[in-house]
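Okay, here's what each chain looks like letter by letter:
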Amino acid sequence: MNEFEQLRRDPVSRRAFLRRMSAAGLGVAAASLFAGCSSGGTYPAPSGPFDPSQPDFDATNFPGIPGRSINEVVLNYALTLEILEADLYRQALNLASGRDVNAALAAGVPAPGSTGPYAQTVGNGSIASSLAPAAFLYLVQYAYVEAAHRDFLRVALQSLGAPVAAANPNGYTATFGTDLGTILELIYAVEETGVRAYLGAAPFMSFASAADKNLVQTAVAIHSTEARHSAAVAYVLGKSAGPVYSLPGVSAGRRVTDGAAAPNAAPFSDNTFQYFSNPPVVLSAVRPFLK
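This structure is a prediction, so every number in the text was calculated from the model and none was measured.

Student: I keep staring at helix H7 (residues 210–236) and nothing clicks. Help me out?
Tutor: Think of an α-helix as 3.6 residues a turn; residues three or four steps apart then line up on the same face. Taking 1.5 Å per residue, 27 residues should reach 39 Å; H7 reaches 40 Å between its end C-alpha atoms and fits that length. With its phi angle positive at about 80°, glycine 238 sits one or two positions after the end of H7.

See below:
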């Protein structure tokens, strides 16, 4: 029995799953998934990300990402990134709390405003002492949200009977610093990559049916959460948390309106709300994290 069927048939497991999705801002999407989707069938999962044994629906834009339709490919692309992000958050949290880097995420989602069983054991680094408690809280809370994103996408794909991207068999590796500031600097770079990845993949999705629209809504909901994570982490690191303007004769400040999305390539402009990265660019950036 696959994970989706277990969740459908077991009210206790289903309630726990929905609580996790609600914590990640995806409660409505999760509820509609159970209400409107059948479990479909099972589909052989690839052995890892960018698996050449799986047929490519779009080998140009999404090389090695499985799927029978463009929307399934985009969701698997998102899942590939969320698996990586969840694992790097887990490693970062373990390092910041003095745990074994390979330790699993502690069971149970910490209550809002709580760090649960985790406590900071490393120095603050570049983070102001007044912001360090919030910075560590973000690290804890977001680690669980990224795990929820990963699990939600897996269940969504399983519900469609779609191929499901698997974690890298050898795991993931990253060079973290030894204090909270440098640990979060790497997490910030990963979050920014994720935000730009979602924006860059959005134009590929199909709106042909009501089901397609639900999948697009799910992707946009996760993109929104990733963007908030990025802004919050930027804030505690002393970086700009949002779009600014810098015009001749005008004092720099926050923009009233947003500029158009633009590719993640120079020259950059403060008047652009968000840069996007095309899927091949993102996949190339992700490869160094694979062991």
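Student: Looking at this structure, how should I read the nonpolar core?
Tutor: Counting residues in each nonpolar core, the largest one holds 62 residues, and the members touching the most others are Phe62, Tyr77, Ile127, Phe136, Leu139, Leu180 and Leu184. Mapped onto this core, the elements with two or more residues apiece are helix H4 (70–96), helix H5 (132–159), helix H6 (180–201), H7 and helix H8 (279–286). Ranked by residue count, the leading element in this core is H4, at 15 residues. Those residues in contact with leucine 180, other than ones at most four positions away along the chain, are Ala96, Gln120, Val122, Gly123, Asn124, Ile127, Ala132, Ala135, Phe136 and Leu139.

Student: I tried to follow the side chain of arginine 90 on my own but got confused; where do I start?
Tutor: Among the secondary structure elements, arginine 90 is positioned in helix H4. Accessibility expressed as a relative area gives 16% for arginine 90, which makes it buried. Within the local environment of arginine 90, its side chain forms a polar contact with the side chain of aspartate 87, the two groups lying 3.0 Å apart. Among all residues touching arginine 90, those that are not within four sequence positions of it are Val101, Asn102, Ala103, Ala104 and Leu105.

Student: What is the right way to look at the packing of aromatic side chains in this model?
Tutor: The description of an aromatic ring pair rests on the distance of the ring centres and on the angle between the ring planes. What the rule picks out here adds up to three aromatic pairs. With a centroid separation of 5.1 Å and an interplanar angle of 75°, the aromatic rings of phenylalanine 62 and tyrosine 77 are classed as edge-to-face. Of the two residues, phenylalanine 62 sits in the loop between helix H3 (27–36) and H4 while tyrosine 77 sits in helix H4, which places them 15 residues apart along the sequence. For the pair phenylalanine 62 and tyrosine 77, a shared accessibility class is recorded, and that class is buried. When its relative accessible area of 0% is taken as the criterion, phenylalanine 62 is described as buried. Among the aromatic residues, those joined into a cluster by ring pairs are Phe62, Tyr77 and Phe204. Above the face of the tyrosine 118 ring, arginine 99 is positioned so that its terminal group lies 4.3 Å from the ring centre.

Student: Looking at this structure, I do not really get the packing of H5 against H6. What am I missing?
Tutor: Packed helices, taken two at a time, are described by the angle their axes make and the gap between the axes. Contact geometry for H5 and H6: axes closest at 12 Å, N-to-C directions at 40°. It follows that H5 is oblique to H6 by the angle criterion. Where H5 crosses over H6, the two elements pack in a sense that is left-handed. Seen from H5, the contacting residues are Ala132, Ala135, Phe136, Leu139, Glu146 and Leu153; seen from H6, they are Leu180, Leu184, Glu191 and Tyr198. For the contact of H5 with H6, the per-class residue count stands at eight nonpolar, no polar and two charged.

Student: Any chance you could explain the environment of phenylalanine 57 here in plain terms?
Tutor: In this fold, phenylalanine 57 is placed in the loop between H3 and H4. Classification of phenylalanine 57 by relative accessible area gives partly exposed; the value is 45%. Considering only alpha carbons, one finds phenylalanine 57 and valine 73, 16 residues apart in sequence, at a separation of 7.2 Å.

Student: Can you walk me through H5 in this structure?
Tutor: With 28 residues, H5 ought to run about 40 Å at 1.5 Å a step, and its terminal C-alpha atoms sit 41 Å apart, in line with that. Count one or two residues on from H5 and you reach glycine 161, which has phi positive near 70°.

Student: I tried to follow the packing of H4 against H6 on my own but got confused; where do I start?
Tutor: Axis separation between H4 and H6 bottoms out at 11 Å; the angle between their running directions is 170°. Looking at the two axes, H4 sits roughly antiparallel to H6. Here H4 contributes Val74, Tyr77, Ala78, Leu81, Glu82, Glu85, Leu88, Tyr89, Ala92, Leu95 and Ala96 to the contact with H6, which in turn contributes Leu180, Ile183, Ile187, Val190, Glu191, Ala197, Tyr198 and Ala201.

Student: Got a minute to help me understand the side chain of serine 97 in this structure?
Tutor: Take serine 97: it is sitting in the loop between H4 and H5. Setting aside residues up to four positions removed in sequence, serine 97 forms contacts with Tyr118, Ala119, Thr121 and Phe136.

Student: Which parts of the structure should I look at to understand the environment of serine 284?
Tutor: You can see serine 284 is positioned in helix H8. Residue serine 284 is classed as partly exposed on the basis of its relative accessible area, which comes to 49%. Here the side chain of serine 284 touches proline 280 through a polar contact of 3.0 Å, landing on its backbone oxygen.

Student: What is the right way to look at the pattern of salt bridges in this model?
Tutor: Any two side chains of opposite charge can pair, on the condition that their charged atoms come close. Applying the stated criterion across every chain, the model contains six salt bridges. The closest approach of N and O atoms between lysine 239 and glutamate 185, which form a salt bridge, is 3.4 Å. In this pair, lysine 239 is assigned in the loop between H7 and strand E1 (244–245) and glutamate 185 in helix H6, connecting sequence segments 54 residues apart. The exposure class of lysine 239 is partly exposed, given its relative accessible area of 31%. Of the residues examined, glutamate 185 reaches a relative accessible area of 32% and is grouped as partly exposed. Ionic contacts of the salt-bridge type, sharing partners, join the residues Arg150, Asp151 and Arg154 into one network.

Rules used in this analysis
Residues numbered from 1 in each chain as written. Predicted model: local features only at pLDDT ≥ 70, side-chain atom pairs only at ≥ 80, totals over all residues. Heavy atoms only, no water. Helix = DSSP H or I, 4+ residues; strand = E, 2+ residues; numbered from the N terminus. Expected span 1.5 Å × (residues − 1). Core = buried A, V, L, I, M, F, W, Y, C linked by side-chain atoms within 4.5 Å. Buried < 20%, exposed > 50% of the residue type's maximum accessible area, 1.4 Å probe, protein only. Contact = heavy atoms within 4.5 Å. Polar contact = N/O pair within 3.5 Å; in protein donor to acceptor, adjacent residues only side chain to side chain. Phe/Tyr/Trp six-rings, centres within 6.5 Å; stacked < 30°, edge-to-face > 60°. Lys NZ or Arg CZ within 6 Å of the ring centre and 35° of its normal. Axes fitted to C-alpha atoms, helices over the stretch in contact; angles between N-to-C directions. Parallel < 35°, antiparallel > 145°, perpendicular 65-115°, else oblique. Left-handed = near helix turned anticlockwise from the far one by under 90°. Nonpolar A, V, L, I, M, F, W, Y, C, P; charged D, E, K, R; others polar. Salt bridge = Lys/Arg side-chain N within 4 Å of Asp/Glu carboxyl O.

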